[in-house]
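Listed below, chain by chain, are the residues.
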Amino acid sequence: MSFTKISQKINTDTVKSVTKLEPEVAAKKAARDKELEAVITGADQRILLIIGPCSAHDEEAVMEYAHRLAKLQEKVADKIFMVPRIYTNKPRTNGDGYKGLLHQQNMEEGPNLIRGILAVRKLHKRVITETGLTTADEMLYPENLELVEDLVSYVAIGARSVEDQQHRFVASGIDQPTGMKNPTSGNLSVMFNSLYAAQQKQEFIYNGAEVETSSNPLAHVVLRGALNDAGKNVPNYHYEDLMAVLKFYQDGTFKNPFIVVDTNHDNSGKQWAEQVRIVKETMTNRTYHEDLHKYVRGFMIESYLEDGRQEPDGQVFGQSITDPCLGWEKTEELVNWIYEQA
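Notes on the structure in this doc start here. (Residues numbered from 1 in each chain as written. Predicted model: local features only at pLDDT ≥ 70, side-chain atom pairs only at ≥ 80, totals over all residues. Heavy atoms only, no water.)

Moving on: the overall build of the protein chain. Assigned secondary structure in the protein chain consists of eleven helices and twelve strands. At 19 Å, the protein chain has a C-alpha radius of gyration in line with the 20 Å of a compact globule built from 342 residues. Classification of the 342 residues of the protein chain by burial places 53% in the buried group. Considering only intrachain contacts with a sequence separation of at least 6, the fraction spanning at least 24 residues in the protein chain is 68%. Between the mean site of the 38 positive side-chain charges and the mean site of the 49 negative ones, the protein chain shows a separation of 1 Å. (Helix = DSSP H or I, 4+ residues; strand = E, 2+ residues; numbered from the N terminus. Rg over C-alpha atoms; globule rule 2.2 N^0.38 Å. Buried < 20%, exposed > 50% of the residue type's maximum accessible area, 1.4 Å probe, protein only. Contact = heavy atoms within 4.5 Å. Lys, Arg positive; Asp, Glu negative; His and termini not counted. Charge placed at Lys NZ, Arg CZ, Asp CG, Glu CD.)

Here it is in structure tokens:
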């Protein structure tokens, strides 16, 4: 058992200096971050869409998607606030398979994480600079947060990570809205324990030093469905599920109640086309209860240029190589439908 160092110690300041935002772009990001904060706190009642590919494996395809999304955002800006998913780390259940842009920048080459750091930062920067949209990424490795924290506007904590104390504590020091998914078991108590931890100040060892966090009042829950002991999908976006989540919020001492529905994963059974129906059912359910209308205002939608998925060595431009996604034509139609209902 050993760890073999295969690179020199990473100088975070140097990495950031190479790919930092220009002052004008940084100012635009700060303004967008303020808008997003207002959406989470409820001062702004727009619908939030965390939307985009399951994983950002092809820079040019991601940029084509982001440019299209930016045009659509202009059209629906008075009712919808969109944040493109630029997910560059992918959890793997058994450690095998494609682990994201951070690990592998070219499907024909092996892992190179040092090069990956620059590729990740470059992609986030390009989206912000070229489209004006600010981005979301998943915090799979808490110690890597500082490598992207200046570029992202939204952070996701996945179902496998939400039970981990380090993820919870690091989430408590994040400035951005942080979506905390229910675990794969679907246990709401676990999710809300995680949320509570993220909304408090915490003390722990982080990157070699003792730290105290500020607390994260913008942390909130994300419902992504569950798997039961028999391996069957158990959705949690139905009316009764939303009411149960609302009760957890009301019975606790949580700041800024906000509920996001993940329309893929175990809510859809990874049947990508079902995402349309799930959004429509949720929007309808919001009309039955005043508090649901007020607090259920977010969707995570897996969407890309082409429907479905392909194998990692596939050559279809803009098609996922991880979870299957909704193609652009159906995505645009769905966003316009949400706009008409909002």
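Picking up where we left off.
Evaluated as defined, the whole model comprises 20 salt bridges. Across the pair E59 and R126 runs a salt bridge, and its minimum N-O distance is 2.7 Å. Here E59 is found in helix α3 (residues 59–76), whereas its partner R126 is found in helix α4 (residues 113–131), with 67 residues between them in sequence. A relative accessible area of 22% places E59 in the partly exposed class. A salt bridge links R126 to E130; the nearest nitrogen and oxygen atoms lie 2.8 Å apart. Of the two residues, R126 and E130 both sit in helix α4, four residues apart, roughly one turn of that helix. The structure contains a network of salt bridges with shared partners spanning E59, E60, K122, R126 and E130. (Salt bridge = Lys/Arg side-chain N within 4 Å of Asp/Glu carboxyl O.)

Core analysis: the largest hydrophobic core is formed by 76 residues, its most contacted members being L49, I80 and M82. The greatest single-element share of this core, amounting to nine residues, is contributed by α3. Formed by 16 residues, the second largest nonpolar core is a distinct cluster that contains I50, A136, Y154 and L218. (Core = buried A, V, L, I, M, F, W, Y, C linked by side-chain atoms within 4.5 Å.)

This brings us to helix α11 (residues 328–341). The end-to-end C-alpha distance of α11, which contains 14 residues, comes to 20 Å, matching closely the 20 Å that a straight helix rising 1.5 Å per residue would cover. Buried residues belonging to α11 abut β1 (47–52), α3, β2 (80–84), α9 (274–286) and β12 (296–302). (Expected span 1.5 Å × (residues − 1).)

With that settled, the discussion passes to the environment of A273. You can see A273 is positioned in the loop between α8 (265–268) and α9. Look at A273 and you get partly exposed, because its relative accessible area is 42%. Residues A273 and K330 lie 57 residues apart in sequence; the distance between their C-alpha atoms is 8.7 Å.

The final tally for this structure, using the stated rule, is nine aromatic pairs. Between F169 and F204, the aromatic rings sit 5.6 Å apart at their centres with planes inclined by 55°, giving tilted as the arrangement. Taken as a pair, F169 in helix α5 (residues 165–171) and F204 in strand β6 (residues 203–206) lie far apart in primary sequence, 35 residues in all. Of the residues examined, F204 reaches a relative accessible area of 13% and is grouped as buried. Judged by centre distance (5.9 Å) and plane angle (90°), the rings of Y249 and F254 are edge-to-face. Residue class for Y249 comes out buried when judged on its relative accessible area of 4%. Here a set of aromatic residues connected by ring pairs shows up, and it is made of F192, F248, Y249 and F254. (Phe/Tyr/Trp six-rings, centres within 6.5 Å; stacked < 30°, edge-to-face > 60°.)

Quick look at the pairing of β12 now. Of all seven residues making up β12, seven are buried, and the element is well covered by its neighbours. Here β1 runs beside β12; their pairing, made up of five bridges, is parallel. Residue pairing in the sheet places G52 in a bridge with E302 of β12. Relative to β12, strand β11 (residues 259–262) runs parallel, the two sharing four bridges. Looking at the pairing, D262 lines up with M300 of β12. (Pairing = 2+ DSSP bridges.)

It is worth spelling out the packing of α3 against α4 at this point. Where α3 contacts α4, the axes come no closer than 10 Å and their chain directions differ by 30°. The orientation of α3 relative to α4 falls into the category roughly parallel. α4 is crossed by α3, and the crossing has right-handed handedness. Listed contacts from α4 to E59, E60, V62, M63, A66, H67 and A70 of α3 are K122, L123, R126, V127, E130 and T131. Residue composition of the contact of α3 with α4, grouped by class: six nonpolar, two polar and five charged. (Axes fitted to C-alpha atoms, helices over the stretch in contact; angles between N-to-C directions. Parallel < 35°, antiparallel > 145°, perpendicular 65-115°, else oblique. Left-handed = near helix turned anticlockwise from the far one by under 90°. Nonpolar A, V, L, I, M, F, W, Y, C, P; charged D, E, K, R; others polar.)

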